[in-house]
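So the chains spell out like this:
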Amino acid sequence: MTSAVEPLVAVVTTDLSAITRGRFVVESRLQKTAATGVGWLQANLSMTPFNSIVDPNPWGSSGDLRLIPDLKARFRTERTGSATPFDMVAGDIVELDGSPWLGCTRTMLRDALAELKAATGLSVIAAFEHEFNIAGGSFAPAHSMSFAALRRTDPFAPNLMAALEEAGVGPEVVIAEFGSEQFEVTHEPADALTAADRAVAIREITREVARNAGWRASFAPKVAPDAVGNGVHIHFSFVDEAGKPATYDPARPGGLSAKAGAFCAGVLRHLPAMTAMTASSVSSFYRLKPHSWSSSYTWLADRDREASLRICPTVTIGGRDPARQYNVEYRAADATGNPYLSLAAIIRAGLEGLKADLPSPPLVTGDPTLMSETERAELGLVRLPETLPAALDALLADKTVTGWFAPIFIETFVGLKQHEAERLAGLDPAAICDLYRTLY
Ligand code: GLU
Ligand code: MG
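Being a predicted model, the structure only gives us computed values, none of them experimental. (Residues numbered from 1 in each chain as written. Chains lettered and ligands numbered in written order. Predicted model: local features only at pLDDT ≥ 70, side-chain atom pairs only at ≥ 80, totals over all residues. Heavy atoms only, no water.)

**Here we look at the overall build of the protein chain**
Move 1: When helices and strands are tallied, the protein chain shows 14 helices and 14 strands.
Move 2: The C-alpha radius of gyration computed for the protein chain amounts to 21 Å, which stays within 12% of the reference 22 Å derived for 440 residues, consistent with globular compactness.
Move 3: Considering only C-alpha atoms, the protein chain reaches an extent of 75 × 55 × 55 Å along its principal axes.
Move 4: Scored against the burial criterion, the 440 residues of the protein chain give a buried share of 57%.
Move 5: Taking contacts inside the protein chain between residues at least 6 apart in sequence as the whole, the part at least 24 apart equals 70%.
Move 6: If the 40 positive side-chain charges of the protein chain are averaged to one point and the 51 negative ones to another, these points end up 3 Å apart. (Helix = DSSP H or I, 4+ residues; strand = E, 2+ residues; numbered from the N terminus. Rg over C-alpha atoms; globule rule 2.2 N^0.38 Å. Buried < 20%, exposed > 50% of the residue type's maximum accessible area, 1.4 Å probe, protein only. Contact = heavy atoms within 4.5 Å. Lys, Arg positive; Asp, Glu negative; His and termini not counted. Charge placed at Lys NZ, Arg CZ, Asp CG, Glu CD.)

**Considerations on the UniProt feature "domain: GS catalytic" (unreviewed entry) in the protein chain**
Move 1: The UniProt feature table records "domain: GS catalytic" (unreviewed entry) at residues 105–440.
Move 2: The span residues 105–440 is 44% helix and 14% strand, and its two end C-alpha atoms sit 19 Å from each other. (UniProt positions renumbered as here; feature names shortened; annotations may be inferred.)

**Looking at the side chain of Thr14**
Move 1: Mapped onto the elements, Thr14 comes out in strand 1 (residues 8–14).
Move 2: Setting aside residues up to four positions removed in sequence, Thr14 forms contacts with Ile19, Thr105, Val200, Asn338, Pro339 and Tyr340.

**Some words on the environment of Val200**
Move 1: As for its position among the elements, Val200 is in helix 5 (residues 192–212).
Move 2: Here the alpha-carbon distance between Val200 and Thr14, two residues 186 residues apart in the chain, equals 7.7 Å.
Move 3: Excluding anything up to four places from it in sequence, Val200 contacts Thr14, Thr20, Met88, Pro339 and Tyr340.

**Comments concerning unusual backbone geometry**
Move 1: A cis geometry characterises the amide bond from Asp55 onward to Pro56, with omega recorded as 0 degrees.
Move 2: Following Asp154, the chain continues into Pro155 via a peptide bond in cis, with omega recorded as 5 degrees.
Move 3: Note on placement: Pro155 falls in the loop between helix 3 (147–151) and helix 4 (156–167).
Move 4: In this model, Arg303 sits at a positive phi of 55 degrees, which is unusual for a non-glycine residue.
Move 5: Despite not being glycine, Asp357 has its phi angle at roughly 55 degrees, a positive value.

**Overview of helix 4**
Move 1: Its 12 residues give helix 4 an end-to-end C-alpha distance of 16 Å, which sits within 8% of 16 Å, the value for a rise of 1.5 Å per residue.
Move 2: Buried residues in helix 4 make contact with strand 4 (65–77), strand 6 (123–135), helix 3, strand 7 (171–176), strand 8 (182–187) and helix 5.
Move 3: Immediately beyond the C-terminal end of helix 4, within one or two residues, lies Gly168, with a positive phi of roughly 90 degrees. (Expected span 1.5 Å × (residues − 1).)

**Quick look at the sheet that holds strand 1**
Move 1: Spatially, the five strands line up as an open sheet ordered 2-1-5-4-3, and their pairing is mixed. Since the sheet does not close on itself, it has two edges, and those belong to strand 2 (20–26) and strand 3 (38–40), each with one partner. The sheet shows a mean angle of 40 degrees between the axes of neighbouring strands, taken without regard to direction.
Move 2: The sheet contact formed by strand 3 and strand 4 spans three bridges and is antiparallel. Bridging from a neighbouring strand, Gly39 pairs with Arg66 of strand 4.
Move 3: Against the sheet, helix 2 (residues 105–120) touches strand 1, strand 4 and strand 5 (86–94), its axis set at about 70 degrees to strand 5. (Pairing = 2+ DSSP bridges. Axes fitted to C-alpha atoms, helices over the stretch in contact; angles between N-to-C directions.)

**Concerning the site of ligand 1**
Move 1: Taken together, Glu131, Glu177, Glu184, Val228, Gly229, Gly231, His233, Arg287, Trp293, Ser294, Arg305 and Arg331 are the residues near ligand 1.
Move 2: In the environment of ligand 1, a nitrogen atom lies 2.8 Å from a nitrogen or oxygen atom belonging to the side chain of Glu131.
Move 3: The contact in question runs from a nitrogen atom of ligand 1 to an N or O atom on the backbone of Gly229, over 2.9 Å.
Move 4: Burial of ligand 1 by the protein chains amounts to 92% of its free accessible area of 300 Å².
Move 5: Tallied by class, residues from the shell around ligand 1 come to two nonpolar, four polar and six charged. (Near = heavy atom within 4 Å. Polar contact = N/O pair within 3.5 Å; in protein donor to acceptor, adjacent residues only side chain to side chain. Areas by Shrake-Rupley, 256 points an atom, 1.4 Å probe, with all protein chains shown as cover. Nonpolar A, V, L, I, M, F, W, Y, C, P; charged D, E, K, R; others polar.)

**Here's the deal with the coordination of the magnesium ion (ligand 2)**
Note on metal sites: the ideal angle is 109.5 degrees for four tetrahedral donors, and 90 or 180 degrees for six octahedral donors.
Move 1: Note on the magnesium ion (ligand 2): its protein donors are Glu131 (OE), Glu177 (OE) and Glu184 (OE). The metal-donor distances range over 1.9 to 2.1 Å.
Move 2: One chain supplies every donor to the magnesium ion (ligand 2), and in sequence these donors are spaced E-x45-E-x6-E. No difference in accessibility class separates Glu177 from Glu184, as the two residues are buried. (Donors = N, O, S within 2.8 Å, 3.2 Å for Na, K, Ca; no water.)

**Some words on the packing of aromatic side chains**
The description of an aromatic ring pair uses the distance of the two centres, along with the angle that the planes make with each other.
Move 1: Here the structure, examined in full by the defined rule, presents 14 aromatic pairs.
Move 2: Ring geometry for Phe156 versus Trp215: centroids 5.8 Å apart, planes at 55 degrees, classification tilted. Residue Phe156 is found in helix 4, and its partner Trp215 is found in the loop between helix 5 and strand 10 (216–218); the two are separated by 59 residues along the sequence. Considered together, Phe156 and Trp215 belong to a single accessibility category, that of buried residues.
Move 3: A network of ring pairs unites the aromatic residues Phe132, Phe139, Phe156, Phe183, Trp215 and Phe219 as a single cluster.
Move 4: Note that Arg383 overlies the ring of Tyr297, its terminal NZ or CZ placed 5.9 Å from the centroid. (Phe/Tyr/Trp six-rings, centres within 6.5 Å; stacked < 30°, edge-to-face > 60°. Lys NZ or Arg CZ within 6 Å of the ring centre and 35° of its normal.)

**Some points on the environment of Arg331**
Move 1: Position of Arg331 relative to the elements: it lies in the loop between strand 14 (328–330) and helix 9 (339–355).
Move 2: With 202 residues separating them in the primary sequence, Arg331 and Glu129 have C-alpha atoms 9.7 Å apart.
Move 3: Of note is the side chain of Arg331, whose polar atom sits 3.0 Å from the backbone oxygen of Arg305.
Move 4: A distance of 2.8 Å separates the side chain of Arg331 from the side chain of Glu329, its partner in a polar contact.

**Here's the deal with the pattern of salt bridges**
Move 1: Within the structure shown, the criterion is met by 22 salt bridges.
Move 2: A salt bridge links Glu27 to Arg74, with the shortest nitrogen-to-oxygen separation between them at 2.9 Å. You can see Glu27 sitting in the loop between strand 2 and helix 1 (30–36) and its partner Arg74 sitting in strand 4, a full 47 residues away along the chain.
Move 3: When its relative accessible area of 25% is taken as the criterion, Glu27 is described as partly exposed. (Salt bridge = Lys/Arg side-chain N within 4 Å of Asp/Glu carboxyl O.)

**Concerning the packing of helix 6 (residues 258–278) against helix 11 (residues 388–397)**
Move 1: Packing of helix 6 against helix 11 leaves a shortest axis separation of 7 Å and a crossing angle of 125 degrees. As summarised for this structure, helix 6 and helix 11 are arranged oblique, according to the angle between their axes. Crossing of helix 6 over helix 11 shows left-handed handedness. In this structure, helix 6 contributes Pro272, Ala273, Ala276 and Met277 to the contact, and helix 11 contributes Ala391, Leu392, Ala394 and Leu395.
Move 2: Of the residues assigned to the contact of helix 6 with helix 11, the class counts are eight nonpolar, no polar and no charged. (Parallel < 35°, antiparallel > 145°, perpendicular 65-115°, else oblique. Left-handed = near helix turned anticlockwise from the far one by under 90°.)

Here it is, written out as structure tokens:
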């Protein structure tokens, strides 16, 4: 009689193409593995989503690192429909002596959070809202956002929610979205590092549940040039040292506290340079266009889905307190952006705004495409970069943003993304969307 196989657990990291990579050990080895991790290497940071390594890259073929699982960041569920459990632990990349590695994006997020806290006493609560498409389902046509659009996929949605729940992701709502075969799943807000870990788990669990239904879930920013975009909306709010909400101030415009306003001003100031990190692929820029409810200008608004920073609604039904619900949503992100890097960049930019004590940006209403150049300038509305190469130029031009990272990290990031843009230069948008649809 053969005994049942021992399940595996993956120690994972997310690379600069937002691909989850890692190494698997049998579950009984996890505790032992937690002490010294699994092997990793520098040049992995130069891996493209096309299964190649940028050549030359700053790392070459030598060098070794360790990927140490953070046992608090374990996501395990037996409910994806696979033969063995889905089991992943997010890890931190360190040098062989255990010191942090300058290319670890999870460490970058942790450091940014620590600096924000040290400078201001604020901690960040975050949530990632994911949109995705499902292909291969041969579904009957259904109306956008309709009851039938979700029910025709049954039991995909309840299976997904059950798997996310068991994995500890804290799923909130699953919907059929506006686009054809487009869906969305949200999770409960959590401390920012946990939220980024959850973003990785949500993507992989969703892909696995879809795969086990015989379909393919794609988080690509655009599955076709004329398709509705798949955004990743990053919600953030603050609590002070006593754990009290610090984002809301009913006396101020839009209810945005002075500190949160300074944070948002920092984000808007550096947004053109950060776009390459949060919307990180060639196809990302087909999504960031006016009139597509994504974001296209440096724009703070109260509950407007065209804005790049949207103050989200709060509910006062039954006398509920808005203070803890109140949050701002960063909309210029998608799933080709590494969630740790995206959030680290948002926090660093916000911290710049806080340190400089920037005034809250104006709450803009109206359509920037109908405003004159002067009106836009008065409101601080700057068009976001319109291509990946333009976004890389904007990144390199903003020395504050590049200064948040080690020079070799910026060299790696820019080299990787330039390679990505060059590689796709001969393809038309339809072919490019088609490619990303299969890669994400
Ligand atoms: N699909 C839109 C995007 O690309 C977002 C729609 C919404 O507001 O949920 O970000
Ligand atoms: Mg949505």
